[in-house]
Amino acid sequence: MTKSVSKIFIANRGEIAVRVIRAARELGLSTVQAVSAADTNMLAARLADATALVGPAHATKSYLNKDAVVQAALESGCDAMHPGYGFLSENADFAEMVEKAGMIFIGPRPETIRQMGDKARARQEAFAAGVPSVPGTEGIVADLETAKSEAARIGYPVMIKAAAGGGGRGIRIARDEAELATLFPQASGEALAAFGNGGLYLERFIGRARHIEVQILGDGERVVHLFERECSLQRRRQKVWEEAPAFCLKPAQREALCASAVRLAERVGYRGAGTLEYLFDDETGEFFFIEMNTRIQVEHPVSEMVTGVDIMREMIRIAMGEKLVLRQEDIMLKGHAIEARICAEDLAADFRPSPGAVTGLSVPGGFGVRFDSLLYAGYTVPPFYDSLLGKLVSHDVTREAAITRLDRALGELMIDGIPTTVALHRALAADPTVRRGAVHTRWLEERLAASPPLFDHLS
Amino acid sequence: MVMVGDTIGLIEVMKSFTPVIVEEAGKLIVFHVENEDAVMPGQPICDIEA
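I will try to describe carefully the structure that is included in this document. (Residues numbered from 1 in each chain as written. Chains lettered and ligands numbered in written order. Predicted model: local features only at pLDDT ≥ 70, side-chain atom pairs only at ≥ 80, totals over all residues. Heavy atoms only, no water.)

Overview of the sheet that holds strand E1 (residues 7–10) of chain A
Residue and element names in this part refer to chain A.
Now for step 1: Strands sit in the order E3-E2-E1-E4-E5 across an open sheet of five strands; the sheet is parallel. On the outer flanks of this sheet lie strand E3 (50–55) and strand E5 (104–105), each paired with one strand and no other.
Now for step 2: Where strand E2 (residues 30–36) and E3 come together, five bridges link them in parallel fashion. Residue pairing for E3: Val 35 is matched across the bridge by Leu 53.
Now for step 3: Helix-sheet contacts for helix H11 (residues 311–319) involve E1, strand E4 (80–82) and E5, and the interaxial angle to E4 is about 150°. (Pairing = 2+ DSSP bridges. Helix = DSSP H or I, 4+ residues; strand = E, 2+ residues; numbered from the N terminus. Contact = heavy atoms within 4.5 Å. Axes fitted to C-alpha atoms, helices over the stretch in contact; angles between N-to-C directions.)

Here you go:
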């Protein structure tokens, strides 16, 4: 049964808020954009039908303030809430509050967020669905003694992970039992302070692996996959460059990986857009489930480009109670897409965040190029939020052509007034290892530390 | 009293934190900013008496 929605409240900011507005408008829905006091003139605020102030600049008092966000949505007459990514997007309590207030939460059911957000429970579900995960503990490890015996079984080095963590936070690596004895209590205390939950679990640390993730869409009963992305180019556990599909997979591997994601998502009755993250070992061809992100992801455009499916539009439709119309057999991989995350960071000063006024802007275009961004000429990038300015996406017939097209588009992108990471991406596009695709999750950091320098930051 | 090398604050820019480190030892007299106030480059944060 479809529920009538007319006005969506956007509890986010930046480029993803713009993305939501675009999809909503194409569906004939109006939008109210949440703004902090520092964001009243951001692009999404200009594009939305209306804005609503949710608090001061500091995110904890605005975009993370559940009561203020729900209140503002109700006062502005909204009947649905889009949380974007980050902020409150994977907060089950928030999703529950939204539903209790009589609005639609554009995302999974609160209990699914809770279930998959708890990494230990997600692993148990994966196990039950027959989806391999990284060798590790079945659930939360009660104490150091248990951790020691479990680590001996799993094999060192082990990762100590916070059950409530995510986005690479709350992870420690112990090479032996002595390190485990030191790090385990630290990790527990830190997890309690950071996430309000001191629960820890252990996983084997796989040193050289690719990060591959499967995009799915579900309507609560049926789930389809939109193939996978390769996101191994990372710095400080943040993705820098993402591709679709994962060019390293053989067809049979791709089929097994994507089928496993559908199996797990159907098992939990997944509703909405979601991503299952895996580590992939090139040498053995094994893949291991790591975690599920129960929200739209930054890098969703590459999957849209290679499948032709508008993921944002589909997730809004599903939230309105529509059943999936997509059939798996209709979803085809077409060509190759690459996304470069353009950030306000100073490459000459070790990626130091560099907010400020954008005095001039020239945006790339042409066939097979897409730029999802928060920029306009004259905009001042505030210092309060993360450094992502936009995502430059190229799509072409082959991976090689997509890299060439991305480099062409990067050459056209001019952002005057603030330092950006454009030069890093041009260097990556020219790098022989990247061109060969012979990367793993630690490759970029190792390459940045090596000589000769990956890029010339004076250029 | 603060010593050279002491961290007396953290400045957050775009979710990354940079420590404010004491370069001359002395007595910290007054902070000119409150916790979580916005600051601009060049703005005095505190007075330290040598």
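The discussion continues.
Let's talk about the pairing of strand E2 (residues 16–21) of chain B
In summary, the side chains of a regular strand alternate between the two faces of the sheet.
All names here are of chain B.
Now for step 1: By the bridge criterion, six bridges tie strand E1 (residues 7–13) to E2 in an arrangement that is antiparallel. Directly across from Ile 11, in E2, lies its bridge partner Thr 18.
Now for step 2: A loop of two residues connects E1 with E2, the two strands running antiparallel in sequence, and Met 14 in this loop sits at a positive phi of about 50°.

Focus: the interface of chain B and chain A
Now for step 1: Across the contact, seven residues belong to chain B and 13 residues belong to chain A.
Now for step 2: Across the chain B/chain A interface, buried area totals approximately 770 Å², and carbon plus sulfur atoms make up 61% of it.
Now for step 3: Our count for the contact surface shared by chain B and chain A stands at two salt bridges.
Now for step 4: Two residues, A:Asp386 and B:Lys15, come together in a salt bridge whose shortest N-O distance is 3.7 Å.
Now for step 5: Our count for the chain B to chain A interface comes out at two residue pairs in polar contact (both at pLDDT 80 or more).
Now for step 6: Residues belonging to the side of chain B that touches chain A are distributed by class as follows: three nonpolar, one polar and three charged. (Buried area = accessible area lost by both parts, 1.4 Å probe. Salt bridge = Lys/Arg side-chain N within 4 Å of Asp/Glu carboxyl O. Polar contact = N/O pair within 3.5 Å; in protein donor to acceptor, adjacent residues only side chain to side chain. Nonpolar A, V, L, I, M, F, W, Y, C, P; charged D, E, K, R; others polar.)

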